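Here are the chains, one letter per residue:
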Amino acid sequence: MIRKNEVERITNAYYEVTRVLGEVDDMYLTKEEIYMRFPRDEEGIPYITIGSLDNALRNLARMGEVEVAYVRGVRHFCINKNNDRRGWVSRG
């Protein structure tokens, strides 16, 4: 069973990714750190699945909305403030 107010809640992964990355626009976050900041129900379960997060991050990086940096083999994501549409970045 799910409550009506939970169904009406925004559960768009693209919106949530840009919201979270926009709040910390001076930092790079891993996928897990982004997922931890997603809204949750009263049982502590995020409204958005990890698979939806993966798809949103991949597509936002392709569109150039999100910058991706590899640091020691781990992907880190940041909002692309200057919108130069470069997407993928390699750092160390």
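Procedures and definitions
- Residues numbered from 1 in each chain as written.
- Predicted model: local features only at pLDDT ≥ 70, side-chain atom pairs only at ≥ 80, totals over all residues.
- Heavy atoms only, no water.
- Salt bridge = Lys/Arg side-chain N within 4 Å of Asp/Glu carboxyl O.
- Helix = DSSP H or I, 4+ residues; strand = E, 2+ residues; numbered from the N terminus.
- Buried < 20%, exposed > 50% of the residue type's maximum accessible area, 1.4 Å probe, protein only.
- Axes fitted to C-alpha atoms, helices over the stretch in contact; angles between N-to-C directions.
- Parallel < 35°, antiparallel > 145°, perpendicular 65-115°, else oblique.
- Left-handed = near helix turned anticlockwise from the far one by under 90°.
- Contact = heavy atoms within 4.5 Å.
- Nonpolar A, V, L, I, M, F, W, Y, C, P; charged D, E, K, R; others polar.
- Core = buried A, V, L, I, M, F, W, Y, C linked by side-chain atoms within 4.5 Å.

Can you walk me through the pattern of salt bridges in this structure?
Two side chains of opposite charge can pair, provided their charged atoms sit close to one another. The full count for this structure, using the stated rule, is four salt bridges. The shortest N-O distance in the salt bridge between R19 and E23 comes to 2.9 Å. Residue R19 and its partner E23 are located together in helix α2 (residues 13-23), separated by four residues, close to a single helical turn. Between D54 and K31 there is a salt bridge whose closest N-O contact spans 3.3 Å. Of this pair, D54 sits in helix α4 (residues 50-63) while K31 sits in helix α3 (residues 31-36), and the two are 23 residues apart along the sequence. Residue classification places K31 among the buried residues on the basis of a relative accessible area of 17%. Each of E16, R19 and E23 takes part in a single network of salt bridges with overlapping partners.

Would you take a moment to explain the packing of α2 against α4 for this structure?
The description of two packed helices rests on the angle between their axes and on the distance between the axes. Orientation of α2 relative to α4, taken along the N-to-C sense of each, is 70°, at an axis distance of 9 Å. In terms of axis orientation, α2 runs roughly perpendicular to α4. Considering how the two elements wind past one another, α2 and α4 form a crossing that is right-handed. Of α4, the residues touching α2 (which contributes A13, Y14, V17 and T18) are S52, L53, N55, A56, L57, N59 and L60. Here the contact of α2 with α4 is built from residues that sort into seven nonpolar, four polar and no charged.

For this particular structure, what's the right way to read the nonpolar core?
In summary, soluble globular proteins display a tendency toward joint burial of nonpolar side chains. Among the nonpolar cores identified, the biggest contains 19 residues, and V17, L21, I34, F38, L53 and F77 are the most heavily contacted of them. Those elements that place two or more of their residues in this core are α2, α3, α4, β1 (66-71) and β2 (74-79). The element contributing the most residues to this core is α4, with five residues. Setting aside residues no more than four positions away along its own chain, V17 makes contact with F38, L53, A56, L57 and L60.

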